[in-house]
Amino acid sequence: MIAIDLDGRTALVTGSTQGIGEAIAKALAAAGARVGVNGRSPEKTDEAVVRLSATGGAYFAAPGDLATEEGAAAVAEAAPEVDVLVNNLGIFGAQPALEITDDDWRRYWEVNVLSAVRLIRTYLPGMTGRGWGRVLNIASDSAVVIPEEMIHYGTSKTALLAVSRGFAKAAAGTGVTVNSVIAGPTHTGGVEDFVYQLVDEDLPWDEAQREFMRLHRPQSLLHRLIEPEEIANLVAYLSSPLASATTGAAVRVDGGYVDSIIP
Ligand SMILES: NC(=O)c1ccc[n+]([C@@H]2O[C@H](COP(=O)([O-])OP(=O)(O)OC[C@H]3O[C@@H](n4cnc5c(N)ncnc54)[C@H](OP(=O)(O)O)[C@@H]3O)[C@@H](O)[C@H]2O)c1
């Protein structure tokens with residue numbers, strides 16, 4: 001039997017009070033890690049810790065707004081030593097290409113890219129010093145297939161692929177791996193409302209999402225949205241000692257959305 005074993009490791013998953021981040025936190029805890037849960041507010045983060053703890057596993061709160069240096073410092077104080085860093089936090093939203101302002105561009109850079117870079121700078125030296133560590137940056141199909149209505153988002157995710165590749169080189173030969181995960185269209189909170197805005201609202205969910213994928217995401221080979229747990233499964237594997245030879249890579253869990261043979 002192949003087992004994903006993170007017993008004795010400490011993980012930090014950014015943006016894990018809901019959605020994909022929460023599913024990743026759950027998967028890492030199920031593998032035995034003690035998992036730091038992060039969101040902007042202490043209240044919402046504590047609520048998530050309570051909700052997750054009720055399902056089993058060891059969690060602690062590491063709140064802080066990672067778009068700011070102060071927030072990153074607060075998170076580092078709550079989680080001083082981390083073996084598995086999952087930079088999951090990311091914001092997205094549609095905006096006409098010519099109406100993305102300088103402020104919007106800066107905000108996407110701060111939240112989606114610099115948040116990850118700051119934490120890598122914080123934790124990589126400890127990981128390399130101990131001779132083991134995992135850094136995973138959650139990117140998106142939009143990193144490769146830049147959507148016209150989300151150029152700022154896609155660009156920030158493309159940057160994360162470069163960040164991962166570069167820091168993997170900085171960690172070369174140390175036992176620490178750095179990778180990105182290219183997630184595809186996923187069934188997270190809010191997505192159901194979004195789907196029902198675009199297809200017949202009387203359809204049951206399974207049919208509605210298939211119709212949505214057929215009409216609006218035809219590139220997907222899965223013909224359905226990905227469940228957050230399916231992203232978390234890949235992250236758990238890449239976080240584990242089993243994935244020791246995968247570094248500097250962009251690994252896809254996108255339902256075949258990106259029409260490419262590699263990566
Ligand atoms: N959903 C998809 O279809 C999809 C597809 C491909 C890739 N992705 C990527 O997957 C990741 C997670 O997406 P999701 O849909 O699960 O996101 P989500 O449901 O919007 O959750 C975002 C999380 O980030 C936290 N957050 C937001 N701003 C923050 C900040 N400045 N500092 C710290 N935490 C912050 C939120 O917590 P609080 O509200 O408590 O602060 C929340 O826990 C993102 O990187 C996204 O780009 C998503």
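Counting restarts for each chain, with residues numbered from 1 along the sequence as it is written. Side-chain atom pairs in this predicted model are given and counted only at pLDDT of 80 or more, local residue features only at pLDDT of at least 70, and totals for whole chains, interfaces and linings cover all residues. The side-chain figures draw on all heavy atoms in the structure; neither hydrogens nor water molecules are used.

Peer 1: For the sheet that holds strand β6 (residues 176-183), give the residues involved together with the corresponding values.
Peer 2: Strand order in the open sheet made by the 7 strands is β3-β2-β1-β4-β5-β6-β7, with parallel pairing throughout. The strands lining the two open edges of the sheet, one partner per strand, are β3 (58-61) and β7 (250-253). Between one strand axis and the next, the sheet turns by 20° as a mean value, whatever way the strands run. Taken together, the 4 bridges between strand β1 (residues 10-13) and strand β2 (residues 34-37) define a ladder with parallel strand orientation. Strands are labelled as partners when DSSP assigns at least two bridges between them. Helix and strand labels come from DSSP, where a helix needs a run of H or I of at least four residues and a strand needs a run of E of at least two; each type is numbered from the N terminus. Angles here are taken between N-to-C directions and fall from 0 to 180 degrees, while the axes themselves are lines fitted to C-alpha atoms, restricted in helices to the stretch in contact.

Peer 1: Any chance you could break down helix α8 (residues 228-239) for me, citing the residues and the numbers?
Peer 2: By this rule, a helix spans an expected 1.5 Å times one less than how many residues it contains. The end-to-end C-alpha separation of α8 is 16 Å, in line with the 16 Å expected for 12 residues at 1.5 Å each. Within α8, burial applies to P228, I231, A232, L234, V235, A236, L238 and S239. We call two residues in contact whenever any of their non-hydrogen atoms come within 4.5 Å of each other. Tucked inside the fold, the buried residues of α8 contact α1 (19-30), β4 (84-87), β5 (133-140), β6 and β7. When a residue's accessible area, from a 1.4 Å probe over protein chains only, is under 20% of the maximum for its type it is buried; when over 50% it is exposed; and in between it is partly exposed.

Peer 1: How would you explain the site of the ligand if you had to name every residue and give the values?
Peer 2: Inspection of the region around the ligand gives 28 residues, with T17, R40, D65, N88 and Y153 positioned closest. Think of a polar contact as two N or O atoms within 3.5 Å of one another; within protein, one of them needs to be a possible hydrogen donor and the other a possible acceptor, and neighboring residues in sequence only count if both atoms come from side chains. D65 is positioned with one of its side-chain polar atoms (N or O) 2.7 Å from a nitrogen atom of the ligand. Across the complex, the protein chains shield 91% of the 910 Å² of accessible surface that the ligand would expose by itself. Looking at the shell around the ligand, the elements with two or more residues in it are α1, β5 and α5 (151-170). For the shell around the ligand, the element with the highest residue contribution is β5, accounting for 3 residues. Split into classes, the residues belonging to the shell around the ligand amount to 10 nonpolar, 14 polar and 4 charged. When we say a residue is near a molecule or strand, we mean one of its heavy atoms is within 4 Å of it. Surface exposure here means Shrake-Rupley accessible area, sampled with a 1.4 Å probe, where a residue is shielded only by the protein chains that are shown. Residues are grouped as follows: Ala, Val, Leu, Ile, Met, Phe, Trp, Tyr, Cys and Pro are nonpolar; Asp, Glu, Lys and Arg are charged; every other residue, Gly included, is polar.

Peer 1: Describe a nonpolar patch on the surface, listing the residues and the values that go with them.
Peer 2: Taken together, the side chains of I2, I4, Y237 and L242 present a nonpolar region at the surface, about 360 Å² in accessible area. Looking at where I4 falls in the secondary structure, it is placed in the segment before β1. Patch members must show over 30% relative accessible area and no salt bridge, and they are joined within 9 Å when carrying like charges or within 5 Å when they are nonpolar side chains of Val, Leu, Ile, Met, Phe, Trp or Tyr. Put simply, a salt bridge is a Lys or Arg side-chain nitrogen that is within 4 Å of an Asp or Glu carboxyl oxygen.

Peer 1: An account of the pattern of salt bridges is needed here, citing residue identities and associated values.
Peer 2: According to the stated counting rule, one finds 8 salt bridges in the structure shown. We note a salt bridge from R130 to D83, for which the minimum N-O separation is 3.4 Å. Note that R130 is positioned in helix α4 (residues 102-130) and D83 in the loop between α3 (69-78) and β4, a separation of 47 residues in sequence. The class of R130 is partly exposed, set by a relative accessible area of 37%. Of the residues examined, D83 reaches a relative accessible area of 11% and is grouped as buried. Salt-bridge contacts for R118 lead to E110; the nearest nitrogen and oxygen are separated by 3.0 Å. The class for E110 is partly exposed, based on a relative accessible area of 28%. Through salt bridges with shared partners, a single network forms among E81, D83 and R130.

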